[in-house]
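Chain by chain, the residues:
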Amino acid sequence: MVDRTDVTEDPPSGPGSAENRGERSPRFSFTPAFVLKLLFLAAVNGLAIAGLPAMLDQGWWPGVASVVVSTVFIDYVYLSRRTVPAKYLIPGTIFALIFQVIPVVYTGYIAFTNFGTGNILTKDQAIERAESLYSSVPGSQRFQLSILASEDGEGELALLLTDEAGNRFFGTAAGLEALAPGEVVIDDAGKVLSVDDFVALNLGQISDRQDELLSLEIPSELGLVRPITATTAAVYNRLYEYDAQTDTLTNLETGEVYTPVQGNFTSAAGESPEDIPGWSVVVGFDNFKRILTSEAIRGPFLRVFVWNYVFAVLSVVLTFALGLLLAITLNHPTLRGRRVYRSLLIIPYALPSFMSALIWRGLLNQDFGVINELLGANIAWLNDPWMAKVSVLLVNLWLGFPYMFLISTGALQAIPDELKEASYVDGASPRQAFRQVVFPLLLVTLAPLLIASFAFNFNNFNVIYLLNSGGPPIEGAQTPAGHTDILISYTFRLAFEGGRGQDFGLASAIALLIFIMVAGVSAFSFRRTRALEDLT
Amino acid sequence: MAIAETSGRTESMTRRAGGMSPFVGWFRKLGWRHLVALAALVFALFPVVWIVSAAINPVGSTLTSQQLIPESPTLDNFRALSNTVPYWSWYRNTMLIAGGAALFNTMLAALAAYAFSRMRFRGRRTGLLSVLLIQMFPQILTIVALFLMMDLIKDVYPAIGLGTRNGLFLIYLGGAMGVNTWLMKGFFDTIPVDLDESARIDGATHGQIFMRIILPLVAPILAVVFLLGFIFLINDILIVRVVLGLGNQENWTLGLGLWQFVNDRFSQRWGLFAAGSLLAAIPIIVLWQFLQRYVVSGLTQGAVKG
């Protein structure tokens, strides 16, 4: 181990000192690093300033605080001379924090909520939705309608209403008043032009302000007058009323009172009105309990769980075995065409795997796939539970062996030959030398990469999902689970393809479990391989 | 290299002593290696040959009617690709987003690796272990959270929120710290510290040491991390789909676009898929051929030393 000296102490830096000290190359007085630094700082500060108005506007104070604090911190780190390591660590860390760590934490939160179809809003949004529901007043009359607005059609909206008897009313959000005939300006065709400052809107203006019109309600003694088309208005009553004090929602038509239960307004009889959406609430360990106790989820979950491990381990073992075999075979100095072989053999790895998976899907098709055609057989590669597993492993072997071949070749070439020579001197056969000297060294070298490969394959969504969509389906399973599904594809299907809609809470709970399992296995393997011993 | 030489020498010595015919000797020494290599090539290239064939088969031929070597090979699929979908926009997007993000990630990881390899500071061990831990939680597991976050960001920074290519780019940058940092740190550790020392005595700043001494020496690992990152990002279809899937097709990437070809009607647009895949694979395979030797040394060298 090289003994590295402590370099935390910063030598004088900055453009000035670079000029003084770097006489041999004055053109580097503005070092690339310094220019990068300036650009980076400018971008960070610019981005922060650009976002602040919108955040202040929405009153999103946690956002404002974190943006200001982190920007000031970044400026400090880069303008100070005492924070050298941080200068190098911050750029990657920022992105990792925002787009990796925060999503993980957020996933952890969602796992404890009932977030999903039907419970996707906040409570305030749900109440707002409920209060925007109306019931029409039975037997009430309709009005002929002209839509007007002040300030040449840009300002406050108003409705000019004419009832069946020909009486005219002028309504704004403030209320309804009767009009004398003379107050309305009408053209020869009987079309309303204006009332006071309010002028009639044309169809284009009406469609521009459609959203405003839909939420416009004019209070009157009859009820709430609302436009229903561009030329008619009718009287409505509000359907629900929310009482913040008692935290209840009352149906004004039936008098039924609803209280919030698990993110849904629920009546005493336990029923929730279908027209009011639910909102997401923290439900504690409910999602995890469902995984353990609900038969429909637990049964397939256990099968998927076991297969996930089998798939990941076998994928690593098979690809490594084939890759190593090829590396040993081709790693011979007098073998002609080694470079050509190598260049061609890595093509499966160089091809984007989403393409390869789809290509294999076509090749392995039972009825018109090329493989069955070539073999003259009718093998159910993708439809038989066992063959589907074999196929997935075969395709993953195809995808992964070039990588293992590459790293094995590199590792073989990096092992000092003195070691092997020494073993020959001690009387070892080539096979013994390989098994007892080369292979253990190879494993030490490649262990971190093999573990990374395991972690990757544990969540190898592309191969499983694109090759066979996790199929064939497990018969009798009540959730969408297939014989080749691994946890992440199962989760994805559960979250986005379930018959009952999206269940983000449950999906996040499974995502957390996957994380714990992968991290656990990796930590265990790292400890076994002592790859972390170097970390002083 | 050297090991193989040794074993080669040993083998040939034994052979000569045995007095076999030249062919048998050649076969036992090298010939079988060619056989194994050829078998592996057939396995590796068979699907590739088949997709080339699908691309030049006439438009409308299905999996069953396709001939390995079509009687009338045609470029119709390629033409249809340009005419019916914004294929070249996908292509440009992919190269810019995946390529740009991979490049950026490489630089970010190199910066971090430099600090971890060359400096001793409080929290260094914790930092290295956290990087390892982060890596265990792939971004696709957090897809729901990412979606909600991007939706929130859209309100504040519309230019980088949900449905924008910039947003996708930034999400990809979230993966900069991870196994890359470790790989690079291992490689950086193999560069003798004496080099930094002497440069420092000559008055170089830490920035100059990094840019002008370390970076040129670690070029192989930079190539590796870039290439592997590029391939990884090109393969992403889940995050792209969530961020850009509902928006304008012009903004899509190759992954999303090509997937759509075969997602709805597999057999009907097979030719287009094949042609599109071929064109997409070319730059990556070319890159591989150039960077291959770096990849081999880069991936293993850092690990060996540790």
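The rules we used
- Residues numbered from 1 in each chain as written.
- Chains lettered and ligands numbered in written order.
- Predicted model: local features only at pLDDT ≥ 70, side-chain atom pairs only at ≥ 80, totals over all residues.
- Helix = DSSP H or I, 4+ residues; strand = E, 2+ residues; numbered from the N terminus.
- Buried ≥ 20, exposed ≤ 12 C-beta atoms within 10 Å, placed from the backbone.
- Contact = placed C-beta atoms within 7 Å.
- Nonpolar A, V, L, I, M, F, W, Y, C, P; charged D, E, K, R; others polar.
- Pairing = 2+ DSSP bridges.
- Axes fitted to C-alpha atoms, helices over the stretch in contact; angles between N-to-C directions.
- Domains from an automatic or database assignment.
- Parallel < 35°, antiparallel > 145°, perpendicular 65-115°, else oblique.
- Left-handed = near helix turned anticlockwise from the far one by under 90°.
- Core = buried A, V, L, I, M, F, W, Y, C linked by C-beta atoms within 7 Å.

### Let's talk about the overall build of chain B
Helices and strands together make up the secondary structure of chain B, namely 14 helices and zero strands. When the helices and strands of chain B are listed from N to C terminus, the series reads α-α-α-α-α-α-α-α-α-α-α-α-α-α. The proportion of buried residues among the 306 residues of chain B is 47%. Look at the contacts in chain B between residues 6 or more apart in sequence, and 71% of them connect residues 24 or more apart.

### Digging into the interface of chain B and chain A
In this assembly, 100 residues from chain B lie in contact with 110 residues from chain A. A total of 18 residues in the side of chain B that touches chain A trace back to one element, the largest contributor, which is helix H14 (residues 270–305) of chain B. The class makeup of the residues in the side of chain B that touches chain A is 69 nonpolar, 24 polar and seven charged.

### Quick word on the sheet that holds strand S15 (residues 264–267) of chain A
Residue and element names in this part refer to chain A. An order of S12-S13-S14-S15 is seen for the four strands of this open sheet, with the pairing classed as antiparallel. A strand with exactly one partner marks an edge of an open sheet, and here the two such strands are strand S12 (240–243) and S15. Each strand of the sheet is rotated relative to its neighbour by a mean of 35°, with strand direction disregarded. In the sheet, strand S13 (residues 248–251) pairs with strand S14 (residues 257–261) via two bridges, with the strands oriented antiparallel. The residue of S14 that forms the bridge with Leu-249 is Tyr-258. Contacting S12 and S13, helix H5 (residues 123–131) crosses the sheet at an angle of about 145° to S12.

### Here we look at the environment of Pro-138 of chain B
For Pro-138 of chain B, the location among the structural elements is in the loop between helix H5 (124–135) and helix H6 (143–156). Residue Pro-138 of chain B is classed as buried on the basis of its 22 C-beta neighbours within 10 Å.

### A short note on the domain arrangement of chain A
The assigned domain composition of chain A is domain 1 (15–110), domain 2 (118–133 + 245–283), domain 3 (134–238) and domain 4 (291–529). The C-alpha-based centres of domain 1 of chain A and domain 3 of chain A are spaced at 55 Å.

### Some thoughts on the pairing of S14 of chain A
Linkage of S13 of chain A to S14 of chain A, two consecutive antiparallel strands, is achieved through a turn of five residues, within which Gly-255 of chain A is found at a positive phi near 80°. What sits between the antiparallel neighbours S14 of chain A and S15 of chain A is a turn of two residues, in which Gln-262 of chain A has the positive phi angle 50°.

### Focus on unusual backbone geometry
Even without glycine at this site, Asp-247 of chain A takes up a positive phi of about 55°. With respect to the helices, strands and loops of the structure, Asp-247 of chain A is situated in the loop between S12 and S13.

### Some details on the packing of helix H13 (residues 353–363) of chain A against helix H18 (residues 461–468) of chain A
Each pair of packed helices can be summarised by the angle the axes make with each other and by the distance between the axes. Residues and elements named next belong to chain A. Where H13 contacts H18, the two axes come as close as 8 Å, and the packing angle between them is 30°. Comparing the axis directions of H13 and H18 gives the class roughly parallel. Seen along the crossing, H13 lies across H18 with a hand that is right-handed. Two secondary-structure elements touch here, H13 through Ser-353, Phe-354, Ala-357, Leu-358, Trp-360 and Arg-361 and H18 through Asn-462, Val-463, Leu-466 and Leu-467. A class-by-class count of the residues in the contact of H13 with H18 yields seven nonpolar, two polar and one charged.

### A closer look at the packing of helix H4 (residues 87–118) of chain B against helix H7 (residues 165–173) of chain B
Residues and elements named next belong to chain B. Close contact between H4 and H7 brings their axes to 9 Å; oriented N to C, the two are set at 30°. Overall, the two elements H4 and H7 adopt an arrangement that is roughly parallel. The two elements H4 and H7 cross, and the hand of that crossing is right-handed. Together, Asn-93, Ile-97, Gly-100, Ala-101, Phe-104 and Asn-105 of H4 and Arg-165, Leu-168, Phe-169, Tyr-172 and Leu-173 of H7 make up the contact between the two elements. For the contact of H4 with H7, the class distribution of residues is seven nonpolar, three polar and one charged.

### Here's the deal with the nonpolar core
Counting 184 residues, the largest nonpolar core has Ala-109, Ala-112, Tyr-114, Met-184, Val-225 and Leu-227 of chain B as its most contacted members. Each of domain 1 (15–110) and domain 4 (291–529) of chain A accounts for three or more of the residues forming this core. Those residues in contact with Leu-227 of chain B, other than ones at most four positions away along the chain, are Leu-287, Trp-288, Leu-291 and Val-295 of chain B.

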